[in-house]
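Residue strings, one per chain:
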Amino acid sequence: MVETGDHADQGLALTAHEMPVVPSRRSHPCVPCVRCSKCSCEHVNGICRSCDDIRVDREAEVDISRWKRQLAVGATYEIGQSGNRLHRWDCPTLNSAEKGLQRLQGNEELVAYGAYYWSRLPDLYTAEELRLKGTRKQHCGVCGPDPL
């Protein structure tokens, strides 16, 4: 079945359905992108592909600047995502800014599949913050930090 519909930046567009579709589900009104007003129907309703790319890049910039600020004030320890091990900030087993940026570069085509995203960098703590928290986490076997 083929139907036509008016889309925000594309004008009249054809939609092909391989199998018959219930009439109430055939046509849908175009959902313009909340940022640029282009059609977002083929991506995430409300955000088009190009705006989603920009959003991910901005999230990465903000997160990396937070990470650098924490390092600048002497926060060098991190508790892993599972919350049970203590690591140094430069432990190779952790997500780092370099690893995250490397994963993003050249993978913009993965936006359509939801695989183009920024993995948030972990919060960093100083040895004093860990002492005040009274944390008794196991130490990483790779980097072996001992702030206490």
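This text goes with the structure placed above it.
Residues numbered from 1 in each chain as written. Predicted model: local features only at pLDDT ≥ 70, side-chain atom pairs only at ≥ 80, totals over all residues. Heavy atoms only, no water.

As a further point, take the sheet that holds strand 4 (residues 85–88). On the basis of which strands lie adjacent, the open sheet formed by 4 strands has the order 5-3-4-6 and mixed pairing. The open sheet has two edge strands, strand 5 (124–125) and strand 6 (138–139), and neither has a second partner. Bridge count for strand 4 against strand 6 is 2 bridges, and the pairing is parallel. Bridge assignment links Arg-85 to a residue of strand 6, and that residue is Gln-138. (Pairing = 2+ DSSP bridges. Helix = DSSP H or I, 4+ residues; strand = E, 2+ residues; numbered from the N terminus.)

With that settled, the discussion passes to the pairing of strand 4. In regular strands, side chains alternate between the two faces of the sheet. The pairing of strand 3 (residues 77–79) with strand 4 spans 3 bridges and is classified as antiparallel. Opposite Tyr-77, over in strand 4, you have Arg-88 as the bridge partner.

Across the interface, helix 2 (residues 49–72) lies against helix 3 (residues 97–104) with an axial gap of 11 Å and an inter-helix angle of 170°. Classified by the angle their axes make, helix 2 and helix 3 are roughly antiparallel. On helix 3, the residues touching Val-56, Asp-57, Ala-60 and Ile-64 of helix 2 are Ala-97, Leu-101 and Leu-104. Taken together, the residues of the contact of helix 2 with helix 3 sort by class into 6 nonpolar, no polar and 1 charged. (Axes fitted to C-alpha atoms, helices over the stretch in contact; angles between N-to-C directions. Parallel < 35°, antiparallel > 145°, perpendicular 65-115°, else oblique. Contact = heavy atoms within 4.5 Å. Nonpolar A, V, L, I, M, F, W, Y, C, P; charged D, E, K, R; others polar.)

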